[in-house]
Amino acid sequence: MLLTPAVAKKTKKTTESDRDYWVAVAYRMAQPVLENMAKGELQKNMQTEFSPSFDNRNRKVVYMETFGRLMAGIAPWLSLTNDDGSPEAAMRSQLRQWALASYKNSVDPASPDYLCWGVAGQNLVDAAYIAESFIRGYDQLWVPLDTLTKQRYIKEFQKLRTIEPPYTNWLLFSSVIESFLAKAAGRGAYDDFRVMMTIRKMEEWYVGDGWFSDGPSFAFDYYSSYVFHPMYLETLQNMIDARANTRIDYGKYYDRQLLRAQKYSIILERFISPEGTFPVFGRSIPYRMAALQPLAMLAWQQKLPKELSNAQVRSALTAVMHRMYDHNDNFNSGGYLTIGFCGSQPDVADWYTNNGSLYMTSLSLMPLGLPADHPFWTSEAEPWTQVKAWNGKPFPKDHHWADNIQTKDKW
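Below is a short write-up of the structure. The model shown is predicted, which means the values in this text are computed figures rather than measured ones. (Residues numbered from 1 in each chain as written. Predicted model: local features only at pLDDT ≥ 70, side-chain atom pairs only at ≥ 80, totals over all residues. Heavy atoms only, no water.)

## Focus: the overall build of the protein chain
Part 1 of the reasoning: Of regular secondary structure, the protein chain possesses 16 helices and two strands.
Part 2 of the reasoning: For 411 residues, the compact-globule estimate of 2.2 N^0.38 gives 22 Å, and the C-alpha radius of gyration of the protein chain, at 20 Å, lies within 12% of that figure.
Part 3 of the reasoning: Overall size of the protein chain, expressed as C-alpha extent along the three principal axes, is 60 × 50 × 45 Å.
Part 4 of the reasoning: Expressed as a percentage of contacts within the protein chain between residues at least 6 apart in sequence, the contacts between residues at least 24 apart total 77%.
Part 5 of the reasoning: Separation between the mean location of the 44 positive side-chain charges and that of the 44 negative ones in the protein chain comes to 2 Å. (Helix = DSSP H or I, 4+ residues; strand = E, 2+ residues; numbered from the N terminus. Rg over C-alpha atoms; globule rule 2.2 N^0.38 Å. Contact = heavy atoms within 4.5 Å. Lys, Arg positive; Asp, Glu negative; His and termini not counted. Charge placed at Lys NZ, Arg CZ, Asp CG, Glu CD.)

Structure follows, in structure tokens:
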């Protein structure tokens, strides 16, 4: 078994499992946010940070970004309900309790932590991540909410139709919200056109080998990770779950999009170096490990391609976490994420970046939604592709993936 020096050193010094480490990372990110928001004190107590080039939008968007993006990442974990008396179960139960109270406060106009719904175009983005958290934790995070809170969410989501999305990946923020409404509230609650148009555009903007163009112009960045693959898959799955009767055969579209996401995940796994790093390029660099979201999502959904084993994906993602979080100042004195990629690096921020934006990195934690006895966690560690390649060991070839599933829509 080949391990990087950092992982080998860790193995000698401690019996901490990979899952224990992931849980510690997740709890460290979530606790300051959810404990405060559950009490209606996030906006009072959060230590915020904004890009040196931050624009003139309402700065209260930071709180919606923090909550929505964090919950989209940890929703699968909080959806586990087995109580085995372990420290993890206690942490998870506490976080779930805080999360449910936070969901309620975020749409309660009487709460100090009522979020700034509809005050800026940015709200469309982060409302989509809140909707995504409900999608990923439907039975444990959406279903238990009281009727009034659910009605408030439906109303707030519908009001966001006044925000016109740019002709980019933003179309998916609309489609995720509308398709969630289709699943949770039924036919009359969602805007069919916003879903159908987005699906058409995703098919037009797919350029091959797992990559999407961000609108008419291709951009070499990680938005295929941040938005395209996860939100397109979820839009299609929501419409399947809603049993929507439209001109699109959602099942065939979903099957094809899953294959695209699997090809892209193969690429992401190959990006991870033997040292547990991956290439830093494109905009939104401070989103950190959100660049690996599709790999984490498919692992959680047990839909990894045959080329990737549970053990090699877990080993690779764990190595990146150690490299990113162990020795750098990623959190401020209040426990909130700082702007940067691997530590505090404010100069890599974009004009829209605040430290709420950074909770996108939690999206890499989705495999925590698999129980502790799942093979993803129990399989012996395996070297990932670049470890094999750079140590003179056999490793699989890569090849072009042909997008050849045919769809027949009803016209």
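Now, onward.
## Looking at empty space enclosed by the protein
Part 1 of the reasoning: In total, this model carries two cavities of 30 Å³ or more according to the counting rule given.
Part 2 of the reasoning: Of the pockets and cavities examined, the largest cavity occupies roughly 50 Å³.
Part 3 of the reasoning: The element contributing the most residues to the lining of the largest cavity is helix α9 (residues 170-185), with three residues.
Part 4 of the reasoning: The class makeup of the residues in the lining of the largest cavity is four nonpolar, one polar and three charged.
Part 5 of the reasoning: Roughly 30 Å³ of volume is contained in the second largest cavity.
Part 6 of the reasoning: Taken together, Phe-212, Asp-214, Ala-219, Asp-221, Tyr-223, Ser-224 and Phe-228 make up the full set of residues lining the second largest cavity.
Part 7 of the reasoning: Per-element tally for the lining of the second largest cavity: the top contributor is helix α11 (residues 223-241), with three residues.
Part 8 of the reasoning: Residue classes in the lining of the second largest cavity are distributed as four nonpolar, one polar and two charged. (1 Å grid on protein atoms, 1.4 Å probe; cavity = no way out; pocket = protein on both sides within 12 Å on 5 of 7 lines; lining within 4 Å. Points joined across faces, edges and corners; volume = space filled by probe spheres on them. Nonpolar A, V, L, I, M, F, W, Y, C, P; charged D, E, K, R; others polar.)

## Focus: the pattern of salt bridges
Part 1 of the reasoning: Enumeration according to the criterion identifies 21 salt bridges in this entry.
Part 2 of the reasoning: Among the salt bridges present, the one from Glu-88 reaches Arg-19, with a minimum N-O distance of 2.7 Å. In this pair, Glu-88 is assigned in helix α5 (residues 87-106) and Arg-19 in helix α2 (residues 18-38), connecting sequence segments 69 residues apart. Considered together, Glu-88 and Arg-19 belong to a single accessibility category, that of buried residues.
Part 3 of the reasoning: Residues joined by salt bridges that share partners form a network here, namely Glu-203, Arg-256, Arg-260 and Asp-403. (Salt bridge = Lys/Arg side-chain N within 4 Å of Asp/Glu carboxyl O. Buried < 20%, exposed > 50% of the residue type's maximum accessible area, 1.4 Å probe, protein only.)

## Focus: α5
Part 1 of the reasoning: Relative to the 28 Å expected for 20 residues at 1.5 Å per residue, α5 spans 28 Å between its end C-alpha atoms, a close match to the ideal helical length.
Part 2 of the reasoning: Where α5 is concerned, the buried positions are Glu-88, Ala-89, Arg-92, Leu-95, Arg-96, Trp-98, Ala-99, Ser-102, Tyr-103, Asn-105 and Ser-106.
Part 3 of the reasoning: Lining the buried residues of α5 we find α2, α4 (61-78), α6 (122-136), α7 (138-142) and α8 (147-159). (Expected span 1.5 Å × (residues − 1).)

## Structural notes on the packing of aromatic side chains
Part 1 of the reasoning: Scanning the entire structure with this criterion turns up 35 aromatic pairs.
Part 2 of the reasoning: A centroid spacing of 4.9 Å and a plane angle of 65° characterise the contact between Phe-134 and Trp-142, whose relative ring orientation is edge-to-face.
Part 3 of the reasoning: Exposure remark for Trp-142: the relative accessible area of 3% places this residue in the buried category.
Part 4 of the reasoning: A centroid spacing of 6.3 Å and a plane angle of 90° characterise the contact between Phe-271 and Phe-281, whose relative ring orientation is edge-to-face. Taken together, the residues Phe-271 in helix α12 (residues 250-271) and Phe-281 in the loop between α12 and α13 (293-300) connect sequence positions ten residues apart.
Part 5 of the reasoning: By the ring-pair criterion, three or more aromatic residues cluster together here, those being Trp-211, Phe-220, Tyr-222, Tyr-223, Tyr-226, Tyr-264, Phe-271, Phe-278, Phe-281, Tyr-287 and Phe-341. (Phe/Tyr/Trp six-rings, centres within 6.5 Å; stacked < 30°, edge-to-face > 60°.)

## Some thoughts on the side chain of Arg-57
Part 1 of the reasoning: Its place among the elements puts Arg-57 in the loop between α3 (42-45) and α4.
Part 2 of the reasoning: On the basis of relative accessibility, which here comes to 17%, the residue Arg-57 falls in the buried class.
Part 3 of the reasoning: A polar contact is formed between the side chain of Arg-57 and the side chain of Asp-55, at a distance of 2.8 Å.
Part 4 of the reasoning: Residues within four places of Arg-57 in sequence aside, it is in contact with Gln-122, Trp-351 and Tyr-352. (Polar contact = N/O pair within 3.5 Å; in protein donor to acceptor, adjacent residues only side chain to side chain.)

## Details of the packing of α8 against α9
The relative placement of two packed helices is expressed as an angle between their axes plus a distance between the axes.
Part 1 of the reasoning: As a packed pair, α8 and α9 sit with axes 10 Å apart at the nearest point and diverge in direction by 150°. With respect to α9, the axis of α8 lies roughly antiparallel. Here α8 and α9 pass one another in a crossing that is left-handed. Counting all contacts with α8, which are made through Ile-154, Phe-157 and Gln-158, the residues of α9 involved are Ile-177, Phe-180, Leu-181 and Ala-185.
Part 2 of the reasoning: Broken down by class, the residue content of the contact of α8 with α9 amounts to six nonpolar, one polar and no charged. (Axes fitted to C-alpha atoms, helices over the stretch in contact; angles between N-to-C directions. Parallel < 35°, antiparallel > 145°, perpendicular 65-115°, else oblique. Left-handed = near helix turned anticlockwise from the far one by under 90°.)

## As for the environment of Pro-109
Part 1 of the reasoning: You can see Pro-109 is positioned in the loop between α5 and α6.
Part 2 of the reasoning: When neighbours within four sequence positions are excluded, Pro-109 is seen to be in contact with Tyr-114 and Arg-152.

## Brief notes about the nonpolar core
Part 1 of the reasoning: The biggest cluster of nonpolar side chains holds 139 residues, and the ones touching the most others in it are Leu-34, Tyr-103, Trp-117, Ile-130, Tyr-153 and Phe-157.
Part 2 of the reasoning: Take this core: its biggest share by element is twelve residues, from α4.
Part 3 of the reasoning: When neighbours within four sequence positions are excluded, Trp-117 is seen to be in contact with Met-64, Ser-106, Val-107, Asn-123, Ala-127, Ile-130, Tyr-153, Glu-156, Phe-157 and Leu-160. (Core = buried A, V, L, I, M, F, W, Y, C linked by side-chain atoms within 4.5 Å.)

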